[in-house]
Each structure stands twice: as structure tokens, then as C-alpha cells.
Amino acid sequence: MPATVADTEALLAAGGYVADRALATTVHLALAMGRPLFLEGEPGTGKTEIAKVLAAGLGRRLVRLQCYDGLDLSAAAYEWNHARQLMAIRLAEAAGETESETGRAALENGIYDRRFLQERPLLSALSGPPAVLLIDELDRADEPFEAFLLEILADFQLSIPEIGTVRADTPPVVVLTSNRTREVHDAIRRRCLYQWVDYPDARRERAILRARLPGLPEQLSAQVVAFVQAVRASDFFKYPGVAETIDWAAALSALNARELEPVLVEETLGALLKYQDDIAKLRGEEAAKLVDAARAAAAPRPALPF
């Protein structure tokens, strides 16, 4: 585990993640204190990526639970393999093992053996080698599902009625994310360290592009960031996240662009914006205006005379 906040920043940076000081501090405290980390923010701000970078940097396996409407315990934690259990019963009957009281008792005790248990992400993170457990987009799951998580978040254990409590030998690093499509219950929040992950400012977004697309021309990088920052300051249905900034810059680079041009912007808007109404709004004069503003914002400042 990193010993200081600076070490945590370095660990994230080594994985290509450019974190501000507040985020790096919260991540460091979650690691140092052994507390789950709850990251909330707009889609595309890099919440999921933190778990991936931590898994790679700490040398742990990444166990991901993607939440969705209707997610239940059998899909998230464990499920008994009823087909194998039934087969074991039939084989025992065929071998005559159920004819005696002792044999029937042995079968009853063995039918809920661990070998018949199918591990899902939550149980896998507790029972296998050290892991980073990513519970992604918790706000997509139903509210009652959150109750299943309380025992894991508080004690890093899972109670299974048939066999008892499974405790982690090495507690996983737990990262929960939410896009805030609904409010996550206070009981979850109290068990975690919380951090809001916002869109990066221009300086940090430039640093992200340098880390992810090292061959991108500096002029194009500056103009792309200035353009995206202007889009986020305007009235659109869905603002582009960091992932869209990277995708758009990569698309422009693949077209051998050296700087933004209105026609090129219009032809590649599908890499930046994901809703037709937003794309239609940005075409034409609006695109040209933002390109001019991005060029001006990214232009080198003349040196002041002494």
C-alpha cells in the first residue's frame, strides 16, 4: 500500500490516471484505513477507472459487479448449483448410500458443501486472492439491494445460512461508484469514505490527454480541451466526459489533424457527443464559433516586454 498521499498520486499517475489532490487524499485514506471508497459524479468523469488503476498498481485482481435494475443476491453474491446437488442425490441413491440413517444424514450434511456453491462477484472478492472489488453504478440497482452490501462494507464478510460466515483473509479494496441517477441510502454512505468526482479543469484535462495520448500534438490537445470546456459551459443535454474527450482527440489524431477546423469538428462530433439533439445544436455556426474560441484560448500568449 502507498505510504503517503504523494505515493498514492504516483501510483494513480503510473496507471495513467491524473488525480487532483483532494481525490488522491481520499483514495489514500481509504487504502490506509481499510475503508470502502464511494465515488459519485457525472458519467464519464473517471470513477470506474480508479478501481482499474488501483488493481493494476497494487497487483490485485479486479472483481467487478456491474449493477442493474433487478440485481439480486443470486447474481451478486452466490447461488447454489441445484443441478449438481440433484445429481449428487441421484448418485447417492443409486449407490445405496441413502438406505441407512447414517447415509441419509451424511448426504444432508454434504449437499450444502462449498463445492456446490457458485461464487458471484461479492463472494469471489472475499474468498479468493487479494482483490479490488468494484461495485459499479450502484444507483442502477434497486434500493433493497443495498441492504445486501452492508455486511460486506462494514465487516468484509458474507453470511451464508447453509454454511456460515465467509470472511476475507485479506479484505478487498472496495470501490463503489454512482452516477447519481437516484440517491444512495445513508447506511451505505456511512460505511464509506466519500468523494465527488467532477469534470476536470482545463489544466488537468490537458494532463490527462498527455498521459493517455502521448503522441497528440500540443496545439491540438490545447484546442480540444478548450473546445470541450466550452461545450460543458454551454446548454447541452449531455456533457462530454473525460472518456469522450480522449476518444475525440484520438479520432482527430487518427485523421492526422494538427488543429481544429469547423468541418473536421462536425464530421467527428459522434466521438464527442452521444445524443442527436446535441449534435444538431452544435453544427454550423455554433461549431465555428466554438472552434474560434478554442483556438483563441489555446493560442500562445505573447511575452510581455520588460
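This text follows the structure it describes.
Residues numbered from 1 in each chain as written. Predicted model: local features only at pLDDT ≥ 70, side-chain atom pairs only at ≥ 80, totals over all residues. Heavy atoms only, no water.

Comments concerning the sheet that holds strand β9 (residues 193-197)
Turning to step 1, where the next piece is worked out: Read across the sheet, five strands follow the order β2-β5-β8-β1-β9 without closing on themselves; strand pairing throughout is parallel. In this open sheet, the two edge strands, each paired with only one partner strand, are β2 (61-66) and β9. Strand-to-strand, the axes of this sheet are offset by a mean angle of 20°, without reference to chain direction.
Turning to step 2, where the next piece is worked out: As paired elements, strand β1 (residues 37-41) and strand β8 (residues 173-178) share four bridges and run parallel to each other. Within β8, the position partnered with Glu40 by the bridge is Ser178. (Pairing = 2+ DSSP bridges. Helix = DSSP H or I, 4+ residues; strand = E, 2+ residues; numbered from the N terminus. Axes fitted to C-alpha atoms, helices over the stretch in contact; angles between N-to-C directions.)

Quick notes on the nonpolar core
Turning to step 1, where the next piece is worked out: If you look at the biggest cluster of nonpolar residues, it comprises 34 residues, and the most contacted ones within it are Leu122, Ile135, Leu138, Phe145, Leu149 and Leu176.
Turning to step 2, where the next piece is worked out: Going through the elements one at a time, β2, β3 (78-80), α7 (121-127), β5 (131-136), α8 (146-155), β6 (157-160) and β8 are the ones with two or more residues in this core.
Turning to step 3, where the next piece is worked out: Setting aside anything within four residues of it in sequence, one finds Leu149 in contact with Leu122, Ile135, Leu138, Leu176 and Ile188.
Turning to step 4, where the next piece is worked out: Formed by 30 residues, the second largest nonpolar core is a distinct cluster that contains Leu216, Val224, Val225 and Ala294. (Core = buried A, V, L, I, M, F, W, Y, C linked by side-chain atoms within 4.5 Å. Buried < 20%, exposed > 50% of the residue type's maximum accessible area, 1.4 Å probe, protein only. Contact = heavy atoms within 4.5 Å.)

Let's talk about the layout of surface pockets
Turning to step 1, where the next piece is worked out: For the largest pocket, the calculated volume is near 440 Å³.
Turning to step 2, where the next piece is worked out: The wall of the largest pocket is formed by 24 residues, among which Gly44, Thr45, Gly46, Lys47 and Glu49 lie closest to the centre.
Turning to step 3, where the next piece is worked out: Elements supplying a minimum of two residues to the lining of the largest pocket: α3 (47-58), α10 (202-212) and α12 (242-254).
Turning to step 4, where the next piece is worked out: Per element, the largest residue contribution to the lining of the largest pocket is four residues, and it comes from α3.
Turning to step 5, where the next piece is worked out: A per-class count over the lining of the largest pocket returns eight nonpolar, seven polar and nine charged.
Turning to step 6, where the next piece is worked out: By volume, the second largest pocket amounts to about 160 Å³.
Turning to step 7, where the next piece is worked out: Lining the second largest pocket, in full, are Pro43, Gly44, Lys238, Tyr239, Pro240, Gly241, Glu244, Leu272, Leu273, Lys274 and Tyr275. (1 Å grid on protein atoms, 1.4 Å probe; cavity = no way out; pocket = protein on both sides within 12 Å on 5 of 7 lines; lining within 4 Å. Points joined across faces, edges and corners; volume = space filled by probe spheres on them. Nonpolar A, V, L, I, M, F, W, Y, C, P; charged D, E, K, R; others polar.)

What about the packing of aromatic side chains?
Turning to step 1, where the next piece is worked out: By the definition in use, this model includes four aromatic pairs.
Turning to step 2, where the next piece is worked out: Taking 5.8 Å as the distance between ring centres and 75° as the angle between the ring planes, the aromatic pair formed by Phe145 and Phe148 counts as edge-to-face.
Turning to step 3, where the next piece is worked out: Under the relative-accessibility criterion, Phe148 is labelled partly exposed at 35%.
Turning to step 4, where the next piece is worked out: Above the plane of the ring of Phe236 lies Lys281, whose end atom (NZ or CZ) is 5.2 Å from the centre. (Phe/Tyr/Trp six-rings, centres within 6.5 Å; stacked < 30°, edge-to-face > 60°. Lys NZ or Arg CZ within 6 Å of the ring centre and 35° of its normal.)

Examining α10
Counting along an α-helix, one turn takes 3.6 residues, and residues three or four places apart therefore face a common direction.
Turning to step 1, where the next piece is worked out: When α10 is considered as a whole, its buried residues turn out to be Arg204, Glu205, Ile208 and Leu209. When α10 is viewed along its axis, its buried side chains cluster within an angular range of 145° and face the same direction.
Turning to step 2, where the next piece is worked out: Against the buried residues of α10 lie α11 (218-232) and α12. (Arc of directions from axis to C-beta.)

Some words on the packing of α10 against α12
Turning to step 1, where the next piece is worked out: Close contact between α10 and α12 brings their axes to 11 Å; oriented N to C, the two are set at 55°. In terms of orientation, α10 and α12 fall into the oblique class. For the pair α10 and α12, the sense of crossing is right-handed. Seen from α10, the contacting residues are Glu205, Ile208, Leu209 and Arg212; seen from α12, they are Val242, Thr245, Ile246 and Ala249.
Turning to step 2, where the next piece is worked out: Residues of the contact of α10 with α12, tallied by class, amount to five nonpolar, one polar and two charged. (Parallel < 35°, antiparallel > 145°, perpendicular 65-115°, else oblique. Left-handed = near helix turned anticlockwise from the far one by under 90°.)

Description of helix α15 (residues 285-298)
Turning to step 1, where the next piece is worked out: With 14 residues, α15 extends 20 Å from end C-alpha to end C-alpha; this agrees with the ideal 20 Å at 1.5 Å per step.
Turning to step 2, where the next piece is worked out: Every buried residue of α15 is listed here: Ala287, Leu290, Val291 and Ala294. Seen from one end, α15 has its buried residues packed into an arc of 105°, which puts them on one side. Residues of α15 that are exposed and point more than 90 degrees away from the buried face comprise Glu285 and Lys289.
Turning to step 3, where the next piece is worked out: Residues of α15 that are buried make contact with α11, α13 (262-267) and α14 (276-282). (Expected span 1.5 Å × (residues − 1).)

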